Structure formats: C-alpha cells, structure tokens
Amino acid sequence: MWLLKNTLMSVRTYPDVPRVYLDMDGVVADFEKGMNEAHDGIKYGMTAKRFKVIPGSYVNLDPVPGAIDGVHALLELGYFVMILTKIPSENPYAASEKIVWLKRHLPILEDLIIITPDKGCIGTSRDTLVDDFPEWANAHNFPGQIIQFGGQPKLDEYVLRAGHLWAKNWSTLIEMFKELKLPSSKPDHRDQRCPLTR
C-alpha cells in the first residue's frame, strides 16, 4: 500500500531564490482592526487573547492596507513569497480559517502557507521574515533577516543586538525590498503555486 501511495503522490520543488516569509496576522491580515471591531471590541474591552480563540475571527479579517498589492509587488521583484504563521493552541479552527482567508484574498499564495509554533526553525540565512511581533513564536531566532512590520520599532535589546529592520507599512516595506539585492533568478509567477514533479 505504501508503494502505491508513494508513486501517486507528487514532490514539490521550489525555485532557488531568497524567500520572503510573511507573518499573516498583522502583516497581511488586519488582526487589530478585526479585534477592535469584533462585538464592538473597544467598548467591551476585547483583547487579542480573547479574540484569537473565537471561531470565525481569522477568516473574516480584512487585508492590511496595501498588503494585497504589496505581495504582488514582492513577486514582481522576483522574491519567492510564503506565509509563515502560528495558530493559537486554544483555537484549532484558526488553521482552516487562515487557509480560507488566503483563498479569498491571496489565492496566489493559497498553497504556500506554513503553520508552525516555531518560526525560528524555518528559513535560511538568505531569507527574510516580516513579522509584526518578532519576539513571539521564536521568530527572533529566524536564521535570516527579520523586518518588524508596523507599529513602533521595538527597541528591545535582542532587536538592537540582532540588527533587525523596521517597516512602518507596506509602502515602506516594498521600498526596502527594492533596495535589497535581487534574487539571482526570477521565478515564474504566472502561477505562484509550486510546480509538482513526479
């Protein structure tokens, strides 16, 4: 039975270019806005901890302003883009909701999502992680460049020591990537889904 399954399954191949891993909540999907609007969240004191465990909270988030165009701009610059996200252990539905969200808003990335509790175990030294909270989910141990997205730059000691960058919004982020060295070979993004080989 294993041999039959093995011959029917495909192996993914990825282009040999630097990758950009985007955190989902707060970078691509507007978690803060969703939390504040949930059940009149500001009035009733909705917290991130409470909001993230409500079924349906992730699937209904709006995109962060500029995120959809920004992802397409990164692809045009030749970067291989993937979503790198964590789900709350108290909300097992969050994984499915995040995949559905990508299908709705960024179908070009729907098969390019990694859900992990440990962002520090993904990537290489030539890759970049864009995360609004790089101190969470072990993201500060990501082996490549870390760009903190949005809010105010965190001046924590580990951020200063690691030399992390800060992008205020998607416009700033795209300008940063334009200044970085471009990938050695540009992948074909007419269909961003990974080519399958047998």
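Coordinates for the structure precede this section.
Now for a quick tour of the structure.

## Some points on the nonpolar core
Membership of the largest hydrophobic core comes to 49 residues, with the highest contact counts inside it found for Leu22, Val28, Leu74, Leu109, Val130, Trp170 and Phe177. Elements that contribute at least two residues to this core include exactly strand 2 (19–22), helix 2 (31–37), helix 5 (67–76), strand 3 (80–85), helix 6 (94–105), strand 5 (128–131), strand 6 (145–149) and helix 8 (170–179). Dropping the residues within four chain positions of it, Val130 is found in contact with Val20, Tyr21, Leu22, Asp23, Val27, Ile147, Phe149, Leu173 and Phe177.

## A closer look at the pattern of salt bridges
The full count for this structure, using the stated rule, is seven salt bridges. The partner of Lys98 in a salt bridge is Asp25, with the nearest N and O atoms 2.6 Å apart. Here the residue Lys98 occupies a position in helix 6, and Asp25 occupies one in the loop between strand 2 and helix 2, the gap between them amounting to 73 residues. Using a relative accessible area of 1% as the deciding quantity, one classes Lys98 as buried. On the basis of relative accessibility, which here comes to 13%, the residue Asp25 falls in the buried class. The partner of Glu175 in a salt bridge is Lys178, with the nearest N and O atoms 3.5 Å apart. In this pair, Glu175 and Lys178 are both assigned in helix 8, three residues apart and thus about one turn of the helix distant. Glu175 gets classed as partly exposed once you look at its relative accessible area, which sits at 40%. By relative accessible area, which is 48% here, Lys178 ends up partly exposed. One network of salt bridges, in which partners are shared, links Asp23, Lys119 and Asp131.

## Brief notes about the packing of helix 5 against helix 8
Following both chains from N to C, one finds helix 5 and helix 8 inclined at 5°, their axes separated by 10 Å at the closest point. With respect to their mutual orientation, helix 5 and helix 8 come out roughly parallel. In contact with Ala67, Gly70, Val71, Ala73 and Leu74 of helix 5, helix 8 contributes Trp170, Ile174 and Phe177. Tallied by class, residues from the contact of helix 5 with helix 8 come to seven nonpolar, one polar and no charged.

What counts and what doesn't
Residues numbered from 1 in each chain as written. Predicted model: local features only at pLDDT ≥ 70, side-chain atom pairs only at ≥ 80, totals over all residues. Heavy atoms only, no water. Core = buried A, V, L, I, M, F, W, Y, C linked by side-chain atoms within 4.5 Å. Buried < 20%, exposed > 50% of the residue type's maximum accessible area, 1.4 Å probe, protein only. Helix = DSSP H or I, 4+ residues; strand = E, 2+ residues; numbered from the N terminus. Contact = heavy atoms within 4.5 Å. Salt bridge = Lys/Arg side-chain N within 4 Å of Asp/Glu carboxyl O. Axes fitted to C-alpha atoms, helices over the stretch in contact; angles between N-to-C directions. Parallel < 35°, antiparallel > 145°, perpendicular 65-115°, else oblique. Nonpolar A, V, L, I, M, F, W, Y, C, P; charged D, E, K, R; others polar.

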